[in-house]
Amino acid sequence: SQQGEEDPQALSIQEGENATMNCSYKTSINNLQWYRQNSGRGLVHLILIRSNEREKHSGRLRVTLDTSKKSSSLLITASRAADTASYFCATEGNFGNEKLTFGTGTRLTIIP
Amino acid sequence: DAMVIQNPRYQVTQFGKPVTLSCSQTLNHNVMYWYQQKSSQAPKLLFHYYDKDFNNEADTPDNFQSRRPNTSFCFLDIRSPGLGDAAMYLCATALFAGETQYFGPGTRLLVL
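So, a few notes on the structure that sits alongside this text. Bear in mind the structure is a predicted one, so any value in this text is a computation, not a measurement.

### A closer look at the side chain of Gln37(A)
(1) Moving on: With respect to the helices and strands, the residue Gln37(A) is situated in strand β4 (residues 29–37).
(2) Moving on: A polar contact is formed between the side chain of Gln37(A) and the side chain of Gln37(B), at a distance of 2.8 Å.
(3) Moving on: In contact with Gln37(A), other than residues within four places in its own chain, are Gly42(A), Leu43(A), Ala85(A), Ser86(A), Phe88(A), Gln37(B) and Leu90(B).

### Quick look at the state of the cysteines
One covalent bond between the sulfur atoms of two cysteine residues makes up a disulfide.
(1) Moving on: Following the criterion strictly, the structure yields two disulfides over all chains and no others.
(2) Moving on: Across the disulfide from Cys23(A) sits Cys89(A); the S-S distance is 2.0 Å. With the S-S dihedral at roughly 70°, the linkage between Cys23(A) and Cys89(A) falls on the right-handed side. Taken together, the positions of Cys23(A) in strand β3 (residues 19–24) and Cys89(A) in strand β9 (residues 85–93) put the pair 66 residues apart, joining distant regions of the chain.
(3) Moving on: The buried category is assigned to Cys23(A), whose relative accessible area is 2%.
(4) Moving on: Cys23(B) shares a disulfide with Cys91(B); S-S distance 1.9 Å. Measuring handedness by torsion sign, the sulfur bridge of Cys23(B) and Cys91(B) sits at about -70° and is left-handed. Highlighted residues: Cys23(B) in strand β3 (residues 19–25) and Cys91(B) in strand β9 (residues 87–94), separated in sequence by 68 residues.
(5) Moving on: Using a relative accessible area of 0% as the deciding quantity, one classes Cys91(B) as buried.

Rules behind the numbers
Residues numbered from 1 in each chain as written. Chains lettered and ligands numbered in written order. Predicted model: local features only at pLDDT ≥ 70, side-chain atom pairs only at ≥ 80, totals over all residues. Heavy atoms only, no water. Helix = DSSP H or I, 4+ residues; strand = E, 2+ residues; numbered from the N terminus. Polar contact = N/O pair within 3.5 Å; in protein donor to acceptor, adjacent residues only side chain to side chain. Contact = heavy atoms within 4.5 Å. Disulfide = S-S within 2.5 Å. Buried < 20%, exposed > 50% of the residue type's maximum accessible area, 1.4 Å probe, protein only.

Function cannot be inferred from these measures alone, as they are strictly geometric.
Shown next, in the form of structure tokens:
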């Protein structure tokens, strides 16, 4: 299975602090994506990083990808209460089977 | 404007009574996915369509079927729901396989 492992499983920080989540995966990929899920809702796409990219930014989000270590990190800067959610990484393998494989997720809680 | 719509949002059914969940999209995307997500777990892919081509995951029970009558609509049929099928069912679309997925809000299924 290529399912990613996310670390930590749960993270609680004070509002205004930075939050970092990590994702590791097992096989070669075409791209890696991060999604957010608020409780009881669908997933929302945050950012996609391709295998030939090392870093990407979107607003307060910064994603890094290290294909040699098969790992990625998501940094949320200046966290807000509204960032409270579960965050999943998902990988598209480079064997063309048209699907994403989701990691186990990190539950982020921002304390006001 | 809603892009991926799932109906109903909540579904209660009886053990063994067939149920159909629906998904529609206004994005004209080629690919549609159905995921099952249980509490505090990652979404698990059940199957997906690339246009009219159906792709079943190897570990998806025969109890789960799907139909895609046209580009906009996709249905998930559970022929004989068991207690273990209680979960959130998520529909997602993508323009191309492996790229960004757009999720609906999900249907929460309760089996009594």
